[in-house]
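Structural overview
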Amino acid sequence: MHNKSILTKDIITFPTNRKFDMTLLGRVAIDFNPVDYFQTLAESTTFKKYVGGSPANTAVGLSRLGKNVGFISAVSKDRFGEYVTKYFENEGIDTSHIMTCQHGEKLGLTFTEILSKDESSILMYRNQIADLALEPSVVDEEYIQNSKSLLISGTALAQSPSRDAVLKAVSLAKKNHTPIIFDIDYRSYNWTNTDEIAVYYSLVAREADIIMGSREEFDLTEKLLGLDSNDKTSADYWFKQNAKIIVIKHGKEGSTAYLSNGEDYSIKPFPIDALKSFGGGDGYAAGFLNGVLNGWDIIECLEMGSAEAAILVASHGCSDFMPHESEVRTFIKDEKAKYGDMVARV
Ligand SMILES: Nc1ncnc2c1ncn2[C@@H]1O[C@H](COP(=O)(O)OP(=O)(O)O)[C@@H](O)[C@H]1O
Ligand SMILES: O=C(O)C[C@@H](O)[C@H](O)C(=O)COP(=O)(O)O
């Protein structure tokens, strides 16, 4: 346990006077979550529709926390494409750089299975997929210049032309001193082999200022580098590239933020009666990154991330349940009143 802490603004700074606090590049899709849960997907008959896609959920989370959010993506030219775009507009997320596909590409659909509160799985429909049809021409320099930070979802690297759009965005971010956040966000669909994953993940990771992922996701990124599968080894390696903060998540075990000054800080999950086991990562990303954008104390960033993750795993969906800052603070206060001030501290 650290008695002291550190302001993240002493580790990473963001440009000022730019319109968007963060622009995210990646998928916006749809989740269908069973209403009649605690049985298999084969048995469920009724599903509730939500806007989904990990970066889309994170974008909604950041917007609800008061951030001005841009988004770069591609959607289908149909009612589902209209639905997700309208949802973003209602949430105050900029949709000017969401292209509409013209060749019959379809929005991603995710059917989820909530078997028990700690056993969930997801089934993704991602053939002829709209988000990976994102064209590099949608990424324009002015948009990146107008963003204080750029988040890349690793899934957007799975195929060209989306892969090319990511690499263009990364180049423009470097040119314009826009810090890059790499959310590894591994989904097996659309990738052909692990060498390909490692090549493209490591290409973006070495340019990133913040990298977030699970141990498995770091292992995939590091496959060609011959590193041992160890959090400290990963952090040290990426600090020698460009990283300032490395976050490694271990599900219900909690997570650790490694800082480029050599310190590390861990957080445990807040005790909660979970409903499902997915969605935590997106809530965590929104809560944690909002704190880092504000330059907050690292412990406060981690607490906000962990609290928002707990709120999400206790909820039926992801995007719709992203909390406002006051709700996260109330949640933390109530948990501390119930379980003590050190409830989430390691
Ligand atoms: N049962 C749980 N109760 C409370 N928080 C949880 C629970 N499961 C996960 N979380 C929170 O969600 C975060 C992200 O979960 P994790 O499974 O590591 O990522 P992902 O959702 O991206 O797969 C964890 O670090 C933790 O803070
Ligand atoms: O990311 C997707 O395309 C699906 C998500 O909307 C889904 O609900 C989910 O799996 C959330 O992911 P997590 O936060 O990484 O657990």
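The structure presented is a predicted model; accordingly, all values stated were derived computationally and were not measured.

**Some remarks on the packing of helix α4 (residues 162-175) against helix α5 (residues 194-205)**
Their axes nearest at 10 Å, the elements α4 and α5 cross at an angle of 20°. By the angle class used here, α4 and α5 are roughly parallel. In this structure, α4 meets α5 at a crossing whose hand is left-handed. Residues Arg163, Val166, Leu167 and Val170 of α4 lie in contact with α5, whose contacting residues are Glu196, Tyr200, Leu203 and Val204. A breakdown of the residues in the contact of α4 with α5 according to their chemical character gives 6 nonpolar, no polar and 2 charged.

**Remarks on the sheet that holds strand β7 (residues 119-125)**
The sheet built from 4 strands is open, its strands ordered β3-β2-β6-β7 with mixed pairing. Each of the sheet's edge strands pairs with one partner strand only, and the pair in question is β3 (47-52) and β7. In this sheet, adjacent strand axes meet at a mean angle of 25° when their direction is disregarded. Pairing between strand β2 (residues 29-34) and β3: 6 bridges, direction antiparallel. Paired with Phe32 across the bridge in β3 is Lys49. Against the sheet, helix α2 (residues 79-90) makes contact with β2, β3 and β6 (109-116), and its axis sits at roughly 65° relative to β3, the strand it touches most.

**Remarks on the pattern of salt bridges**
Evaluated as defined, the whole model comprises 22 salt bridges. Lys223 is the salt-bridge partner of Asp195, the closest N and O atoms lying 2.6 Å from each other. Placement of Asp195 in helix α5 and of Lys223 in the loop between α6 (215-221) and α7 (231-241) is noted, with a sequence separation of 28 residues between them. Residue Glu222 pairs with Arg215 through a salt bridge whose shortest N-O separation is 3.3 Å. Taking relative accessible area as the criterion, Arg215 reaches 12% and is therefore assigned buried. Within the structure, one salt-bridge network assembled from shared partners comprises Arg215, Asp219, Glu222 and Asp231.

**Notes on the UniProt feature "domain: Carbohydrate kinase PfkB" (unreviewed entry) in the chain**
The UniProt feature table records "domain: Carbohydrate kinase PfkB" (unreviewed entry) at residues 24-323. Across residues 24-323 one finds 34% helix and 22% strand; the C-alpha atoms that close the span lie 19 Å apart.

**With respect to the site of ligand 2**
Of all residues adjacent to ligand 2, which total 15 residues, the nearest are Arg27, Asp31, Gly53, Ser54 and Gly279. Taking Arg27, its side chain carries an N or O atom lying 2.7 Å from an oxygen atom of ligand 2. In this structure, an oxygen atom belonging to ligand 2 sits 2.8 Å away from a main-chain N or O atom of Gly279. Coverage of ligand 2 by the protein amounts to 89% of the 410 Å² it exposes when considered alone. At the level of elements, α1 (54-64), β7 and α8 (280-293) are the ones that each hand at least two residues to the shell around ligand 2. Sort the elements by how many residues they give to the shell around ligand 2 and α8 lands first, with 3 residues. Grouping the amino acids of the shell around ligand 2 by side-chain chemistry returns 4 nonpolar, 7 polar and 4 charged.

**Some remarks on the site of ligand 1**
Residues in close proximity to ligand 1 total 13 residues, the closest being Lys249, Gly251, Ile272, Gly281 and Ala309. At 3.3 Å, a side-chain N or O of Lys249 approaches an oxygen atom of ligand 1. Within the backbone of Gly251, an N or O atom sits 2.9 Å from an oxygen atom of ligand 1. Protein chains bury 78% of the 560 Å² of accessible surface belonging to ligand 1 in isolation. Secondary-structure elements contributing two or more residues to the shell around ligand 1 are α8 and α9 (298-313). Ranked by the residues each element gives to the shell around ligand 1, the list is headed by α9, at 4 residues. For the shell around ligand 1, the class distribution of residues is 7 nonpolar, 4 polar and 2 charged.

**Notes on the nonpolar core**
Residues Phe71, Phe88, Met212, Ile245, Phe288, Leu289 and Ile298 are the most contacted members of the largest nonpolar core, which totals 63 residues. One finds Leu25, Leu134, Val166 and Val204 within the second-largest nonpolar core, a separate group that totals 44 residues.

**A closer look at the pairing of strand β9 (residues 180-183)**
Taking every second residue as pointing to the same face, both faces of β9 are buried, with Ile180 and Phe182 on one and Ile181 and Asp183 on the other. Pairing between strand β8 (residues 150-153) and β9: 4 bridges, direction parallel. Across the sheet, Leu151 pairs through a bridge with Ile181, a residue of β9. For the segment spanning β8, α4 and β9, crossover handedness is right-handed.

Cut-off values and rules
Residues numbered from 1 in each chain as written. Chains lettered and ligands numbered in written order. Predicted model: local features only at pLDDT ≥ 70, side-chain atom pairs only at ≥ 80, totals over all residues. Heavy atoms only, no water. Axes fitted to C-alpha atoms, helices over the stretch in contact; angles between N-to-C directions. Helix = DSSP H or I, 4+ residues; strand = E, 2+ residues; numbered from the N terminus. Parallel < 35°, antiparallel > 145°, perpendicular 65-115°, else oblique. Left-handed = near helix turned anticlockwise from the far one by under 90°. Contact = heavy atoms within 4.5 Å. Nonpolar A, V, L, I, M, F, W, Y, C, P; charged D, E, K, R; others polar. Pairing = 2+ DSSP bridges. Salt bridge = Lys/Arg side-chain N within 4 Å of Asp/Glu carboxyl O. Buried < 20%, exposed > 50% of the residue type's maximum accessible area, 1.4 Å probe, protein only. UniProt positions renumbered as here; feature names shortened; annotations may be inferred. Near = heavy atom within 4 Å. Polar contact = N/O pair within 3.5 Å; in protein donor to acceptor, adjacent residues only side chain to side chain. Areas by Shrake-Rupley, 256 points an atom, 1.4 Å probe, with all protein chains shown as cover. Core = buried A, V, L, I, M, F, W, Y, C linked by side-chain atoms within 4.5 Å. Right-handed = clockwise from strand over helix to strand, strands pointing away.

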